[in-house]
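Results of the structural survey
Chain by chain, the residues:
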2 protein chains.
Amino acid sequence: MKYCSDCGAKLVEQIPANDDRLRYVCPQCEIIHYQNPKVVVGCLPVAGDKVLLCRRAIAPRMGYWTIPAGFMENGETMLAGALRETREEAAAEVCDEVLYRLFDIPHINQVYVFYRANLNGGFGIGPESLESALFSEADIPWSELAFPIVTDVLTEFFADRKTGEYPVRVSTPSPLWAKHVGWEPDTDKTL
Amino acid sequence: MKYCSDCGAKLVEQIPANDDRLRYVCPQCEIIHYQNPKVVVGCLPVAGDKVLLCRRAIAPRMGYWTIPAGFMENGETMLAGALRETREEAAAEVCDEVLYRLFDIPHINQVYVFYRANLNGGFGIGPESLESALFSEADIPWSELAFPIVTDVLTEFFADRKTGEYPVRVSTPSPLWAKHVGWEPDTDKTL
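A quick note: this is a predicted structure, and the numbers were derived from the prediction, not measured.

With that settled, the discussion passes to the side chain of Glu156 of chain A. Residue and element names in this part refer to chain A. Following the sequence through the fold, Glu156 ends up in helix α2 (residues 148-163). Residue class for Glu156 comes out buried when judged on its relative accessible area of 15%. Setting aside residues up to four positions removed in sequence, Glu156 forms contacts with Tyr100, Arg101 and Arg169.

Here is the structure:
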């Protein structure tokens, strides 16, 4: 961030009055340009004992499997965003949506919010996916999952299924995924 | 948003390739400047049968009572942000934090995330508060609450206390608050 998006003047970095951290401030119109985390919303579509995953057609982690998810847009609810992403990435409609899992990923300034839902009819392949498919627990391609949060959600989901209890959890991603895919911390900021 | 924050060029509004909505795009460096919802994080500090509220010293809703909360910052988790806001607004430390309540407020592009926690020692008055105080259910100043989400969280909390179950809920704010404070929809965008 170098220029004021309101007036075009060159920004300066300073700690504003009554604040305690550096912000981008416009010396001309005095606007403070705050930078805040973004919300990624998604859905775990369930069909019987299977879940619907998509294989990514785009970077990062092209070719790896993920849960339909993407950046929440202005003007929508978290659920509306999760349903939109499920349509866009898996051409799927779902029903019976329930809040299921939140993640903090502070080093990339993101919050993830996932719903569980039942697949309602067919599914297909959106423009950001190479393929979509239903997987039972035994068939999950654990070493080909795109992100640690996907490993966590799927691990927890199949464990929760056995108990019939689906508590809403919040945490940073677990190191489980790194073990599955041989990921090296600090070399990939695009979790 | 009028100028590119990266190069200072005048932005244009257009629908980028593979997109379906208008974005601010820089014709010079081709960056797409996405605008996304912000996350507000907060905490409901509990002490015995009472909860800690703060009376706002700043707009909007100056002089009205609220739960310690504020914008989540880059580089922090939701809980870290909630604890920071609790320190800043109520000079309070808490413990035993549990995720409790999420709200969508799509017309102002905000998501709220509240934790429940136990007050851990004393409390005070931060620079954005006029006073802080503990309230039992019978003493809650229902007609002087700052925002509908505060009415909702407190209503649900005192009901949940009776059952001992605190499910994690997500919704848009209920119209309860409007009834308490005589709020007119569409005249106040700063919920």
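A few words on the UniProt feature "domain: Nudix hydrolase" (unreviewed entry) in chain A. On the UniProt side, "domain: Nudix hydrolase" (unreviewed entry) is annotated at positions that read residues 36-158 of chain A here. For the annotated span residues 36-158 of chain A, helix accounts for 20% and strand for 42% of the residues, and the straight-line distance between the end C-alpha atoms is 33 Å.

For the rest of this paragraph, the subject is the domain arrangement of chain A. Annotation of chain A at the domain level lists domain 1 (1-35) and domain 2 (38-174). Between domain 1 of chain A and domain 2 of chain A, the C-alpha centre-to-centre distance is 36 Å.

Turning our eyes to something else, we now look at the sheet that holds strand β2 (residues 23-25) of chain A. All names here are of chain A. Strand order in this open sheet of 3 strands is β1-β2-β3, and the pairing throughout is antiparallel. In the strand order of this sheet, the two ends are held by β1 (12-14) and β3 (32-33), each with one partner. In terms of strand pairing, β2 meets β3 through 2 bridges, oriented antiparallel. Note that in β3 the partner of Tyr24 across the bridge is His33.

By the definition in use, this model includes 14 aromatic pairs over all chains. Taking the centre distance of 6.4 Å and the plane angle of 80 degrees together, the rings of Phe103 of chain A and Phe114 of chain A count as edge-to-face. In this pair, Phe103 of chain A sits in strand β8 (residues 94-105) while Phe114 of chain A sits in strand β9 (residues 110-119), placing the two residues 11 residues apart along the sequence. Centre to centre, the rings of Tyr112 of chain B and Phe114 of chain B are 6.0 Å apart; their planes meet at 35 degrees, and the pair counts as tilted. Of the two residues examined, Tyr112 of chain B and Phe114 of chain B, each falls in the buried class. Here the aromatic residues Tyr100, Phe157, Phe158 and Tyr166 of chain A are joined through ring pairs into a cluster of three or more.

Moving on, we come to the relation of the copies chain B and chain A. Once turned by 180 degrees and shifted 0.0 Å along the axis, chain B lies on chain A with an RMSD of 0.0 Å. Look at the turn and shift together and you get a two-fold axis relating the two. A share of 100% of the interface residues of chain B reappears at the interface of chain A, consistent with the copies meeting face to face through the same patch.

Parameters at a glance
- Sequence positions are assigned chain by chain, starting from 1 and proceeding in written order.
- Going through the entries in the order they are written, you letter the chains from A and number the ligands from 1.
- Selection of residues for local features in this predicted model requires a pLDDT of at least 70, selection of side-chain atom pairs for listing and counting requires 80 or more, and totals for whole chains, interfaces and linings are taken over all residues.
- Side-chain measures were taken over the full set of non-hydrogen atoms in the model, leaving aside hydrogen atoms and water.
- Secondary structure follows DSSP: runs of H or I at least 4 residues long count as helices, runs of E at least 2 residues long count as strands, and numbering of each begins at the N terminus.
- Per-residue accessibility, obtained with a 1.4 Å probe over protein chains only, is compared with the maximum for each type, and a residue is labelled buried under 20%, exposed over 50%, and partly exposed between these values.
- Whether two residues are in contact is decided by their heavy atoms, any of which lying within 4.5 Å being enough.
- UniProt positions are given in the numbering used here, feature names are shortened, and annotations may be inferred rather than shown by experiment.
- Reported domain spans reflect what an automatic or database domain assignment gives.
- We call two strands paired when DSSP finds no fewer than two bridges between them.
- Here is the rule: rings of Phe, Tyr and Trp (six-membered ring for Trp) pair when centre to centre is within 6.5 Å. Planes less than 30 degrees apart are stacked, more than 60 are edge-to-face, and the remainder are tilted.
- The superposition of copies rests on a least-squares fit of C-alpha positions from residues with pLDDT of 70 or more in both.

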